[in-house]
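# Residue-level structural notes
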Amino acid sequence: MSHPAHAASSAAHMRASINPRPSLAGHEVVIRRDPASTPQRLTRADATWPARLRRIVRAALAHWDHPDLAEAAGLLTTELATNAFRHGRGRDIGFRFYLTDVHLVIEVDDGSPCTPVLRCPGPADESGRGLLLVQALAEAWGVSTDGTTTWCTLPLTA
């Protein structure tokens with residue numbers, strides 16, 4: 001279930017260090033995790049959120065006249081949100097995306113101080129490629145100093 005948006009102080013501090021310029025447009029969603037979800041098995045309610053967030057991002061980018069970013073932003077959103085639901089330990093998942101004058105910024109706050117780790121999965125591994133995709137697609141990506149928020153940027157074209 002979606003709850004009213006709120007900004008964590010750590011995420012706000014991190015946003016200021018990533019993009020000191022004010023945002024031109026943006027959205028924020030805070031999702032209360034299903035307490036029955038575990039890292040090994042997400043409930044149906046939690047498993048549907050990455051696709052929902054992807055659709056929200058794609059619709060906003062079309063509205064903001066940046067449909068060219070929809071594919072990459074959708075994939076980045078899916079990977080970061082899925083990682084948050086699978087590996088985060090916080091009660092809520094915070095999702096925020098916004099435009100600056102030069103970037104689309106995507107942030108996911110999982111409330112957990114466990115820093116995401118870039119893995120090198122083998123060919124037979126069925127998971128572990130999310131951050132590799134983020135690294136390959138994003139202009140930049142990182143984690144807030146407190147470990148709770150993973151972010152990435154895409155340059156605005158046109």
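In this text, all values refer to a predicted model and were calculated from it rather than measured experimentally. Every chain's residues receive numbers from 1 upward, in the order its sequence appears when written. Reporting of local features is limited, given that this is a predicted model, to residues whose pLDDT is at least 70; pairs of side-chain atoms are given and counted only at 80 or more, and all residues count toward the totals for whole chains, interfaces and linings. With hydrogens and water set aside, each side-chain value is computed from the structure's full complement of heavy atoms.

## Digging into the confidence of the model for the protein chain
Going by this rule: Residue-level confidence of the predictor, termed pLDDT, takes values from 0 up to 100. Note on conventions: DSSP H or I runs of at least 4 residues are helices, E runs of at least 2 residues are strands, and numbering of each starts at the N terminus. In what follows, residue pairs with any heavy atoms lying within 4.5 Å of each other are defined as contacts.
Across the protein chain, pLDDT averages 81, with 75% of residues at or above 70. Ranking the elements of the protein chain by mean pLDDT puts strand E1 (residues 2–3) last, at 33, and helix H3 (residues 49–63) first, at 96. The low-confidence segment residues 1–17 (pLDDT under 50) makes 30 contacts with residues lying over four places distant or belonging to another chain.

## Overview of the nonpolar core
Side chains of nonpolar character tend, in soluble globular proteins, to be buried together. Rules: Remark: nonpolar core denotes a set of buried residues (Ala, Val, Leu, Ile, Met, Phe, Trp, Tyr, Cys) joined through side-chain atoms within 4.5 Å. Summary of the burial criterion: residues with accessible area below 20% of their type's maximum are buried, those above 50% are exposed, and those between are partly exposed, where the area comes from a 1.4 Å probe applied to protein chains only.
Counting residues in each nonpolar core, the largest one holds 29 residues, and the members touching the most others are Phe-97, Leu-104 and Ile-106. Mapped by element, the contributors of at least two residues to this core are strand E2 (25–32), H3, helix H4 (70–87), strand E3 (92–99), strand E4 (103–109), helix H5 (130–137) and strand E6 (149–155). Among the elements that make up this core, the one with the highest residue count is H4 (6 residues). For Leu-104, the residues in contact, after removing those within four places along its chain, are Leu-61, Leu-69, Ala-73, Phe-97, Tyr-98, Leu-99, Cys-152, Thr-153, Leu-154 and Leu-156.

## Some thoughts on the packing of aromatic side chains
Where we set the bar: Only centres within 6.5 Å qualify two rings of Phe, Tyr or Trp (six-membered ring in Trp) as a pair; their planes then separate them into stacked at under 30 degrees, edge-to-face at over 60, and tilted for everything else. The rule is short: NZ of Lys or CZ of Arg within 6 Å of the ring centre and within 35 degrees of the ring normal puts a charge over the ring.
Evaluation of the coordinates by the stated rule reveals 2 aromatic pairs. Relative to Phe-97, the ring of Trp-64 lies with its centre 5.6 Å away and its plane at 45°, an arrangement referred to as tilted. Of this pair, Trp-64 sits in the loop between H3 and H4 while Phe-97 sits in strand E3, and the two are 33 residues apart along the sequence. For Phe-97, a relative accessible area of 1% puts it in the buried group. Note on Phe-95 and Phe-97: the rings are 5.6 Å apart at their centroids and 40° apart in plane angle, and the pair reads as tilted. Here a set of aromatic residues connected by ring pairs shows up, and it is made of Trp-64, Phe-95 and Phe-97. One cation-aromatic arrangement involves Arg-52 over Trp-49; the distance from NZ or CZ to the ring centre is 4.8 Å.

## Looking at the pattern of salt bridges
Rule in force here: The salt bridge definition used is simple: a Lys or Arg side-chain nitrogen within 4 Å of an Asp or Glu carboxyl oxygen.
What the rule picks out here adds up to 5 salt bridges. Residues Arg-91 and Asp-92 are paired through a salt bridge, measuring 3.7 Å at the closest nitrogen-oxygen approach. Between Arg-96 and Glu-107 there is a salt bridge whose closest N-O contact spans 4.0 Å. Note that Arg-96 is positioned in strand E3 and Glu-107 in strand E4, a separation of 11 residues in sequence. For Glu-107, a relative accessible area of 2% translates into the label buried. Through salt bridges with shared partners, a single ionic network connects Glu-28, Arg-96 and Glu-107.

## Looking at the packing of H3 against H4
How we decide: Structural elements are reduced to axes, namely lines fitted to C-alpha atoms, with helices fitted over the stretch in contact, and the angle between N-to-C directions of any two is expressed from 0 to 180 degrees. Angle categories: roughly parallel below 35 degrees, roughly antiparallel above 145, roughly perpendicular from 65 to 115, and oblique for all the rest. Handedness of each helix crossing follows the sense of rotation of the near helix against the far helix: counterclockwise by less than a right angle gives left-handed, clockwise gives right-handed. Residue type decides the class: Asp, Glu, Lys and Arg count as charged, Ala, Val, Leu, Ile, Met, Phe, Trp, Tyr, Cys and Pro as nonpolar, and the leftover types, Gly among them, as polar.
Where H3 meets H4, the closest approach of the two axes is 8 Å, and the angle between their N-to-C directions is 150°. The angle between the axes of H3 and H4 places the two elements in the roughly antiparallel class. Considering only the axes of H3 and H4, their crossing is right-handed. Contact residues: H3 offers Trp-49, Pro-50, Leu-53, Arg-54, Val-57, Arg-58 and Leu-61, while H4 offers Ala-70, Glu-71, Ala-73, Gly-74, Thr-77, Thr-78, Ala-81, Thr-82 and Phe-85. For the contact of H3 with H4, the class distribution of residues is 9 nonpolar, 4 polar and 3 charged.

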